[in-house]
Structures are given as structure tokens and as C-alpha cells.
Amino acid sequence: MHKKVMGETIKEEISKAPFVALILDETSDVSNAAQLSCVLRFVTDSGVKERFVIFEDIGRFEKKDALKDLYEYIVEHHNEFDDAAILSADGYLSNLGNFEFGFFLSTFNDIFSHADVLFDILQN
């Protein structure tokens, strides 16, 4: 299906859905390159549907910019999201500009990337 037609179809499905969730997941591939995936989950008359939106490689400093862009979009297009999403996005936006928050975010990101590997080893 053509990308534009597919986007329009997803927009139409979401506009009819009473509940929509945005799922963002960041992971690293075998070369330790960061990758971000975005999925929409919503309720329809026939049940719960998930639609994959995008999967792309992002660099360490691009992550913060990508999140900032997403949160700004949510705040600017407040009529498309519920109050909880808008308040969360607004709060995250204010934190992303805080040096201490950025420092801890970067530090814990490094720590947890190693912890994930250790967790996988221990699970096996």
C-alpha cells in the first residue's frame, strides 16, 4: 500500500477510536546503534488494533531531539490527545531543558544498556 494512502487509512481508523495509545520503544542493535520504533494501539468495533508507524536509527544526541519534537507536537496538537498525554508531554518538555535531568537521563541510559545485556545473560 502506498505510504500516503496507508497514513490516511490509519488517521481514519484513529479518528473513530475511543482510546488510542502511543508506544515508543528505543533499543540498540548489535552494533550498539540506537533505534526508535513507534506503534499506535487503539480500540475498534472489531477489537484492539496496532499499527506500526515508524522505525528509524537515531544517534545518542538525536534521541533527546526526537523526544522533544514528539512532546512539542503533542502539546501543539492538544485536540488530538487526552489530558493525561498533554500534561505528561508538557512535563517532559520542561524536564528535557533541565541540565540535571539530562545528565541523569544520559547516565542511566548508559547504565541500563549494560544492565539489559546482563539481564539477558542471567535469564538464560
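Criteria and cut-off values
- Residues numbered from 1 in each chain as written.
- Predicted model: local features only at pLDDT ≥ 70, side-chain atom pairs only at ≥ 80, totals over all residues.
- Heavy atoms only, no water.
- Helix = DSSP H or I, 4+ residues; strand = E, 2+ residues; numbered from the N terminus.
- Buried < 20%, exposed > 50% of the residue type's maximum accessible area, 1.4 Å probe, protein only.
- Contact = heavy atoms within 4.5 Å.
- Core = buried A, V, L, I, M, F, W, Y, C linked by side-chain atoms within 4.5 Å.
- Pairing = 2+ DSSP bridges.
- Salt bridge = Lys/Arg side-chain N within 4 Å of Asp/Glu carboxyl O.

By the naming in an unreviewed UniProt entry, the protein goes by DUF4371 domain-containing protein and is assigned to Dissostichus mawsoni.

*Asks:* I'd like a rundown of the overall build of the protein, residues and numbers included.
*Replies:* Each helix and strand in the protein was counted, giving 4 helices and 3 strands. Looking at the 124 residues of the protein, the share that counts as buried comes to 15%. Counting contacts in the protein only where the partners sit at least 6 residues apart, residues at least 24 apart contribute 26% of the total.

*Asks:* Let's hear about the nonpolar core: which residues, and what values?
*Replies:* Among the nonpolar cores identified, the biggest contains 6 residues, and these are Tyr71, Ile74, Ile86, Ala89, Leu93 and Leu96. If you list the elements that add at least two residues to this core, you get α2 (60–76) and α3 (83–96). Here this core gets 4 residues from one element, more than from any other, and that element is α3. Setting aside chain neighbours within four positions, we find Ile74 in contact with Phe81, Ala85, Ile86 and Ala89.

*Asks:* Describe in detail the environment of Glu56, supporting the description with residues and values.
*Replies:* Assignment of secondary structure puts Glu56 in strand β3 (residues 47–58). Remark: the alpha-carbon pair of Glu56 and Leu36, spanning 20 residues in sequence, is separated by 5.5 Å. Setting aside anything within four residues of it in sequence, one finds Glu56 in contact with Ala34, Gln35 and Leu36.

*Asks:* How would you summarise the pairing of strand β2 (residues 34–44) if you had to cite specific residues and measurements?
*Replies:* Taken across its 11 residues, β2 has 8 buried, putting it largely inside the fold. Sheet analysis places strand β1 (residues 20–28) next to β2, joined by 9 bridges and oriented antiparallel. Looking at β2, one finds that Ile23 is bridged to Val39.

*Asks:* Describe the pattern of salt bridges, listing the residues and the values that go with them.
*Replies:* Scanning all chains against the criterion turns up 4 salt bridges. Of the charged contacts in the structure, one is a salt bridge between Lys49 and Glu13, with a shortest N-O distance of 3.5 Å. Placement of Lys49 in strand β3 and of Glu13 in helix α1 (residues 3–16) is noted, with a sequence separation of 36 residues between them. Judged by its relative accessible area of 26%, Lys49 falls in the partly exposed class. Using a relative accessible area of 17% as the deciding quantity, one classes Glu13 as buried. Put simply, Glu50 and Arg41 hold a salt bridge, and the shortest N to O gap is 2.2 Å. Relative accessible area serves as the criterion here: at 41%, Glu50 is assigned to the partly exposed category. Salt bridges linked by common partners bring Glu13, Lys49 and Arg51 together as one network.

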